[in-house]
Amino acid sequence: MSQVGVKAAYEDSADGAVIVFSTDRDEVSELRARVAEMADKHNQPRPHRAPGHVAHSARVDNVGKGARLIMTPADPSELEALRKHVRERVEQLQHDEVATKPCGKQ
C-alpha cells in the first residue's frame, strides 16, 4: 500500500496472520476502503498459484485509526508458511515507509 502516512504492523492470529494498517491522518475511511479492496483481491480464485503462495482467505476488521487484514490459510498445515510470507511483506512495507519519509522525520 503506497498511501502516504500509512503504517503497517504484523500480528499473529490464532489461525492466521494479520497486517494492521493505521494512519494518523484524516483519511481513515480511504485507508479502510483500500484494505477492503485488498481483502477482495486476496479472496479471488487463482487457478495458478505463484511459487511460495499459500492459498488463503482474507477478511477485514476496522480498528481505531485503520483496519486489520486478517488472512487464514485454506490448509491449516500451511499456517507457518503464510505467517512467514506476510511477515516478510510487512517488513518490506515498513522499509518503504521509512524510505519515503522526508529527511529528519521518523
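This structure is a prediction, so every number in the text was calculated from the model and none was measured. (Residues numbered from 1 in each chain as written. Predicted model: local features only at pLDDT ≥ 70, side-chain atom pairs only at ≥ 80, totals over all residues. Heavy atoms only, no water.)

*Asks:* Could you give me a rundown of the pairing of strand E1 (residues 6–13), with the residues and numbers involved?
*Replies:* The pairing of E1 with strand E2 (residues 16–23) spans 8 bridges and is classified as antiparallel. Its bridge partner lying in E2, Val6 is registered against Thr23. Count of turn residues in the E1/E2 antiparallel hairpin: 2 residues. (Pairing = 2+ DSSP bridges. Helix = DSSP H or I, 4+ residues; strand = E, 2+ residues; numbered from the N terminus.)

*Asks:* So what's going on with the layout of surface pockets? Residues and values would help.
*Replies:* In this structure, the second largest pocket occupies an estimated 320 Å³ of space. What lines the second largest pocket is a set of 18 residues, and nearest its centre among them are Ile19, His42, Met71, His85 and Arg89. Looking at the lining of the second largest pocket, the elements with two or more residues in it are E2, helix H1 (28–42), strand E4 (66–73) and helix H2 (79–99). Looking at which element gives the most residues to the lining of the second largest pocket, the answer is H2, with 5 residues. Taken together, the residues of the lining of the second largest pocket sort by class into 10 nonpolar, 5 polar and 3 charged. (1 Å grid on protein atoms, 1.4 Å probe; cavity = no way out; pocket = protein on both sides within 12 Å on 5 of 7 lines; lining within 4 Å. Points joined across faces, edges and corners; volume = space filled by probe spheres on them. Nonpolar A, V, L, I, M, F, W, Y, C, P; charged D, E, K, R; others polar.)

*Asks:* So what's going on with the sheet that holds E4? Which residues, and what values?
*Replies:* Taken in spatial order, the 4 strands make up an open sheet running E1-E2-E4-E3, and their pairing is antiparallel. Both edges of this open sheet fall to E1 and strand E3 (56–63), since each of them pairs with a single strand only. Taking the axes of each pair of neighbouring strands and ignoring which way they run, one obtains an average angle of 20° across the sheet. Looking at chain direction, E2 and E4 are connected through 6 bridges and run antiparallel. Paired with Val18 across the bridge in E4 is Ile70. Sheet strands in contact with H1 are E1, E2, E3 and E4, and its direction is about 10° off that of E4. (Axes fitted to C-alpha atoms, helices over the stretch in contact; angles between N-to-C directions. Contact = heavy atoms within 4.5 Å.)

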